[in-house]
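# Observations on the three-dimensional arrangement
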Amino acid sequence: ATAQIGVTGLAVMGSNLARNFARHGHTVALHNRTYAKTEALVGEHGHEGDFVPAESAEDFVAALQKPRRIVIMVKAGDPTDAVIDEFAALLEPGDVIIDGGNAHFADTRRREKALREKGIHFVGAGISGGEEGALNGPAIMPGGSEESYKALGPLLESIAAKAEDGNPCCVHVGPDGAGHFVKMVHNGIEYADMQLIAEAYDLLRNVAGFAPARIAETFRGWNAGRLDSYLIEITAEVLAHTDAATGRPFVDVVADEAEQKGTGRWTVQTALDLGTPVSGIAEAVFARSVSGHRDLREAARELPGPRRAALPDDEAAAFAARVEEALYASKVVSYAQGWNMISAASAEYGWDIDLGAMAAIWRGGCIIRAAFLDRIRSAFAADPALPTLLADKGFAEEVGRAQDAWRSVVTTAVAHGVPTPGFSAALAYYDALRAERLPAALTQGQRDFFGAHTYRRADREGSFHTRWSGERDEERTA
Ligand code: NBP
């Protein structure tokens, strides 16, 4: 046995990860259900490093040094279960199975428990960065036991992206499903980021009246400042692109119906179960969903509303600067919500996740990589128990300074009939957190009225009910 690691499932992600391991000097055993893919990989890229192609699962396992480390990169869901079962039968206690696919964290918890009973370590590893990241350095979020990380950490860290300070974008997140959980929230935050950027574009197009090429320039400018990030950078590229067939801006020839593969939806479903408000992510998921309802949009096309008229040129540039502030403030809110969700899950499942470390490993390799994440890392370094990012002194000051512009942008959007669910929901969350009193008191009164659900009083302890249908006197119920 010569291989330090094995990869099974050699579609685009698995092939690229295998090549990444090999390029870093590891001997990599290769396996795929359809052997032709294994042969093709060795044929095309065999010169990049030491590969041990195996036709059968048995040969693959035999090629691996102990403890055996097998990365599974097959389709999420049933195929992953089938492949786990196939290999678990061939492994010994102490061996490690890594699922690098996009599994739901609840599946990872189930699989980890089943394999732990056999003495096999199961590591659900979130891998972000797409095909390019898999080959040149992804952000890696492995869950599982401490012991499994000892056997695996150095290998994963060697192929992970490196942040600007040289540290690998890979850290042991926590037990069982913790890795896939944070990967899911990463994707949810990615949805929110993309929605906020889309709203900024819509405002620059339909309120400021900028053409796509000018918006691309605006985003390039923003990318040199505090919004510096992969997503802003590629936004400028997409907006600057011209469709070869028509000569029109590319963004104008693409159907305006956004699709999704499901991790945003999982994030929102899970947030509902955990009781953590991630309104930025939810609005982003719903905005994609609204865009896809061609039937509803056709039926409502003629409804009255303001005509979209561009601002005069001298006002447009000042408006664009305010959009940058609104985008930044809304982004801080959606990250605050995402971190709040990770913190809640960590407490719920006993994962003990280092919140600052998540920001540190997302600085490189992954889709939400951004200079901004270093600020989040420092915020948690200064106060590991920070209840919300909005309470960090630096973020509080910045968002405070942006809030006039933020309110003005949302007001302008409403007046012009441009939908900004992300900007608006973020502002509503900010105002809800800072409110001295919320109308939730009235909600409690209504609940007590129709359902005797009781309420607590602000001025004394206990649970109370008002006899609404009688004398309206109050009784203490607990
Ligand atoms: P796919 O998700 O398209 O899966 C194709 C692979 O699964 C092939 O190797 C195929 O083998 C194998 N497979 C299937 Br399908 N059913 C199988 C079964 N019953 N038994 C054994 N093997 C089976 O590949 P991918 O796009 O490379 O993604 C791999 C994983 O990584 C997925 O979970 C995906 O969600 C995740 N991911 C993808 C990206 C991305 O950017 N694409 C990013 C991050 C994570 P065959 O060759 O014999 O058909």
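Residues numbered from 1 in each chain as written. Predicted model: local features only at pLDDT ≥ 70, side-chain atom pairs only at ≥ 80, totals over all residues. Heavy atoms only, no water.

## Quick notes on the overall build of the protein chain
Short version of the rule: Numbering of helices and strands starts at the N terminus; helices are DSSP runs of H or I of at least 4 residues and strands are runs of E of at least 2. C-alpha atoms define the radius of gyration, and 2.2 Å times the number of residues to the power 0.38 defines the globule rule. Think of it in three bands: with a 1.4 Å probe and only protein chains considered, a residue is buried below 20% of the maximum accessible area for its type, exposed above 50%, and partly exposed in between. In what follows, residue pairs with any heavy atoms lying within 4.5 Å of each other are defined as contacts. For the accessible areas, the method is Shrake-Rupley and the probe is 1.4 Å, while residue cover comes only from the protein chains on display. We count Lys and Arg on the positive side and Asp and Glu on the negative side, and we leave His and both chain ends out. Lys charges are placed at NZ, Arg charges at CZ, Asp charges at CG and Glu charges at CD.
Of the regular secondary structure elements, the protein chain holds 20 helices and 10 strands. Relative to the 2.2 N^0.38 estimate, which gives 23 Å for 478 residues, the radius of gyration of the protein chain is 25 Å and therefore close to what a compact globule would have. Along the three orthogonal principal directions, the C-alpha set of the protein chain runs to about 75 × 70 × 45 Å. By the burial criterion, 50% of the 478 residues in the protein chain qualify as buried. Residue pairs in contact within the protein chain that sit at least 24 positions apart in sequence constitute 66% of those at least 6 positions apart. When the accessible area of the protein chain is evaluated, it comes to approximately 22,100 Å², of which 52% is carbon and sulfur surface. Averaging the positions of the 48 positive and the 66 negative side-chain charges in the protein chain gives two centres separated by 3 Å.

## Here we look at the site of the ligand
Put simply, the rule reads: For this purpose, a residue is taken to be near a molecule or strand whenever a single non-hydrogen atom of the residue falls within 4 Å of it. Within 3.5 Å is the distance limit for a polar contact, defined as a pair of N or O atoms, with the added protein rule that one can donate a hydrogen and the other accept it, and that residues adjacent in sequence qualify only through two side-chain atoms. The nonpolar class holds Ala, Val, Leu, Ile, Met, Phe, Trp, Tyr, Cys and Pro. Asp, Glu, Lys and Arg form the charged class, and all remaining residues, Gly among them, are polar.
Inspection of the region around the ligand gives 20 residues, with Met13, Asn32, Arg33, Thr34 and Lys37 positioned closest. Between Met13 and the ligand, the recorded distance is 2.9 Å, taken from a backbone N or O atom to an oxygen atom. Between the ligand and the protein, one listed contact pairs an oxygen atom with a side-chain N or O atom of Lys37 at 2.6 Å. About the coverage of the ligand: the protein hides 77% of its 920 Å² of free accessible area. The residue makeup of the shell around the ligand, split by class, is 10 nonpolar, 6 polar and 4 charged.

## A word on the UniProt feature "active site" (unreviewed entry) in the protein chain
Definition in use: UniProt positions are given in the numbering used here, feature names are shortened, and annotations may be inferred rather than shown by experiment.
According to UniProt, the positions carrying the feature "active site" (unreviewed entry) are Lys183 and Glu190. Residue placement: Lys183 occurs in helix 8 (residues 178-206). Once residues within four sequence positions are removed from consideration, Lys183 is found in contact with Asn102, Gly126, Ile127, Ser128 and Met141. Considering the arrangement of structural elements, one finds Glu190 in helix 8. Looking at Glu190, the relative accessible area reads 15%, which means it is buried. Glu190 has contacts with Leu231, Ile367 and Ile368, leaving out every residue within four places of it along the chain.

## A few points about the environment of Arg434
Position of Arg434 relative to the elements: it lies in helix 19 (residues 421-434). By relative accessible area, Arg434 is classed as exposed at 53%. At 3.0 Å, the side chain of Arg434 and the side chain of Asp431 are in polar contact.

## Some words on a negative patch on the surface
Short version of the rule: Only residues whose relative accessible area exceeds 30% and that form no salt bridge enter a patch; like-charged residues are grouped when within 9 Å of one another, and nonpolar side chains (Val, Leu, Ile, Met, Phe, Trp, Tyr) when within 5 Å. Just to be clear on terms, a salt bridge is a Lys or Arg side-chain nitrogen sitting within 4 Å of an Asp or Glu carboxyl oxygen.
On the surface, Glu39, Glu55, Glu58, Asp59 and Glu86 cluster together into a negatively charged patch. In this fold, Glu86 is placed in helix 4 (residues 78-88).

## A few points about the UniProt feature "binding site: substrate" (unreviewed entry) in the protein chain
When the UniProt feature table is mapped onto this chain, "binding site: substrate" (unreviewed entry) is found at Asn102, Ser128, Gly129, Gly130, His186, Asn187, Tyr191, Lys261, Arg288, Arg447 and His453. These residues run over 352 residues, and the two farthest C-alpha atoms among them are 48.4 Å apart, placing them at more than one spot. Here Gly130 lies in helix 6 (residues 130-136). Secondary-structure assignment places Arg288 in helix 13 (residues 279-292). Setting aside its immediate chain neighbours within four residues, Arg288 contacts Tyr191, Met194, Ala258, Glu259 and Gln260.

## Description of the sheet that holds strand 1 (residues 5-8)
Heads up, the condition is: Two strands are counted as paired when DSSP detects at least two bridges linking them. To get an axis, fit a line to the C-alpha atoms, keeping to the stretch in contact for a helix; angles then go from 0 to 180 degrees between the N-to-C directions.
Spatially, 7 strands are ordered 3-2-1-4-5-6-7 in an open sheet, and the strand pairing comes out mixed. Both edges of this open sheet fall to strand 3 (51-53) and strand 7 (139-142), since each of them pairs with a single strand only. Recorded for the sheet is a direction-independent mean angle of 25° between the axes of neighbouring strands. Looking at chain direction, strand 5 (residues 96-99) and strand 6 (residues 121-128) are connected through 4 bridges and run parallel. By the bridge assignment for strand 6, Val96 is matched with His121. Running over the sheet, helix 5 (residues 105-116) touches strand 5 and strand 6 and is turned about 150° from strand 6.

## As for the pairing of strand 6
Looking down a regular strand, the side chains alternate between one sheet face and the other. The buried fraction of strand 6 is high, at 8 of 8 residues. Alignment of strand 6 against strand 7, held across 4 bridges, turns out to be antiparallel. Pairing of Ile127 across the sheet is with Ile140, part of strand 7.

## Focus: the environment of Thr8
Positionally, Thr8 belongs in strand 1. On the basis of relative accessibility, which here comes to 3%, the residue Thr8 falls in the buried class. Counting along the chain gives 62 residues from Thr8 to Ile70, while the straight-line C-alpha distance between them is 7.2 Å.

## What to know about the side chain of Asp99
Mapping Asp99 onto the fold places it in strand 5. Only 2.9 Å separates the side chain of Asp99 from the backbone nitrogen of Gly101, close enough to count as a polar contact. If we skip the residues at most four places from it in the chain, Asp99 touches Ile72, Thr80, Arg111, Phe122, Val123, Gly124, Ala125 and His180.

## Description of the packing of aromatic side chains
What counts here: Two aromatic rings, drawn from Phe, Tyr or Trp (for Trp, its six-membered ring), form a pair once their centres lie within 6.5 Å of each other, and the interplanar angle then sorts them: stacked below 30 degrees, edge-to-face above 60, tilted otherwise.
In the structure shown here, the tally under the stated rule is 15 aromatic pairs. Between Phe105 and Phe181, the aromatic rings sit 5.0 Å apart at their centres with planes inclined by 85°, giving edge-to-face as the arrangement. You can see Phe105 sitting in helix 5 and its partner Phe181 sitting in helix 8, a full 76 residues away along the chain. The exposure classification of Phe105 matches that of Phe181, with both residues buried. Three or more aromatic residues joined by ring pairs form one cluster here, namely Tyr328, Tyr335, Trp339, Trp362, Phe372 and Phe395.

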